[in-house]
Amino acid sequence: MYLDDVIIYSKSIEDHIKHVDEVLTCLREAGITLKISKCTFFSDKIEYLGHIIKPGRLEIDQANTRSLRALVGNFLKETFYLRF
């Protein structure tokens, strides 16, 4: 089994420690291992699916919007040049 992302949200540090322990216990019992170099614990900011998630905020990752703007800009230029 391949598991890509596990995100655990808690309202307090005490709850978070309990939730992380519960999730890790479930994963261990299921025989699922994690690569520690890919793990981040107790972070108040994550990048996920093109968004940056912070306490009380959801932002679009600007790196993705720059790429999209460049792609759309190139498409519009090519469309404009094809007309003339």
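Residues numbered from 1 in each chain as written. Predicted model: local features only at pLDDT ≥ 70, side-chain atom pairs only at ≥ 80, totals over all residues. Heavy atoms only, no water.

A.B. asks: What should I look at first to understand the sheet that holds strand β3 (residues 57-60) in this one?
C.D. replies: Where strands meet in a sheet, backbone hydrogen bonds hold them as pairs that are either parallel or antiparallel. Taken together, 3 strands build an open sheet; the order of strands is β1-β2-β3 and the sheet is antiparallel. Strands with a single pairing partner mark the edges of an open sheet, and in this sheet they are β1 (46-48) and β3. Strand-to-strand twist across the sheet, computed as the mean angle between neighbouring axes with direction ignored, equals 25 degrees. With 4 bridges connecting them, strand β2 (residues 51-54) and β3 associate as antiparallel partners. Within β3, the residue paired with Lys-54 across the bridge is Arg-57. (Pairing = 2+ DSSP bridges. Helix = DSSP H or I, 4+ residues; strand = E, 2+ residues; numbered from the N terminus. Axes fitted to C-alpha atoms, helices over the stretch in contact; angles between N-to-C directions.)

A.B. asks: I tried to follow the side chain of Asp-61 on my own but got confused; where do I start?
C.D. replies: Residue position: Asp-61 is located in the loop between β3 and α2 (62-83). Not counting the four nearest positions on each side in its chain, Asp-61 is found in contact with Glu-47, Gly-50, His-51 and Ile-52. (Contact = heavy atoms within 4.5 Å.)

A.B. asks: Explain the side chain of His-16 here, please?
C.D. replies: Of note, His-16 is situated in helix α1 (residues 13-29). With residues near it in sequence (within four places) discarded, His-16 still touches Ile-8, Tyr-9, Ser-10 and Phe-42.

A.B. asks: Would you explain unusual backbone geometry in this entry?
C.D. replies: Excluding glycine, a negative phi dihedral is what most residues carry, and trans is how most peptide bonds are arranged. We note that Phe-42 has phi near 55 degrees; this positive angle belongs to a residue other than glycine. Among the structural elements, Phe-42 can be located in the loop between α1 and β1. We classify Phe-42 as partly exposed; its relative accessible area is 48%. One non-glycine residue, Leu-49, lies in the positive phi region at around 50 degrees. (Buried < 20%, exposed > 50% of the residue type's maximum accessible area, 1.4 Å probe, protein only.)

A.B. asks: Looking at this structure, how should I read the confidence of the model for the protein?
C.D. replies: When pLDDT is low, close inspection of the predicted coordinates is not appropriate. Per-residue pLDDT for the protein has a mean of 82; in total, 77% of the residues score no lower than 70. The least confident element of the protein is α2, whose mean pLDDT is 67; the most confident is α1, at 95. (pLDDT = per-residue confidence, 0-100.)

A.B. asks: Explain the layout of surface pockets here, please?
C.D. replies: A water-sized probe, rolled over the atoms, reveals where empty space remains. Roughly 1300 Å³ of volume is contained in the largest pocket. Lining the largest pocket are 37 residues, with Val-6, Ile-7, Ile-8, Thr-40 and Ile-46 sitting closest to its centre. Contributing elements (two or more residues each) for the lining of the largest pocket: α1, β1 and β2. A total of 6 residues in the lining of the largest pocket trace back to one element, the largest contributor, which is α1. Residue composition of the lining of the largest pocket, grouped by class: 21 nonpolar, 7 polar and 9 charged. (1 Å grid on protein atoms, 1.4 Å probe; cavity = no way out; pocket = protein on both sides within 12 Å on 5 of 7 lines; lining within 4 Å. Points joined across faces, edges and corners; volume = space filled by probe spheres on them. Nonpolar A, V, L, I, M, F, W, Y, C, P; charged D, E, K, R; others polar.)

A.B. asks: Could you clarify how one ought to interpret the pairing of β2 in this entry?
C.D. replies: Each regular strand shows side chains that alternate between the opposite faces of the sheet. The sheet contact formed by β1 and β2 spans 3 bridges and is antiparallel. By the bridge assignment, Glu-47 is partnered in β2 with Ile-52. In this antiparallel pair of consecutive strands, β1 and β2, the connection spans 2 residues, and Leu-49 shows a positive phi of 50 degrees.

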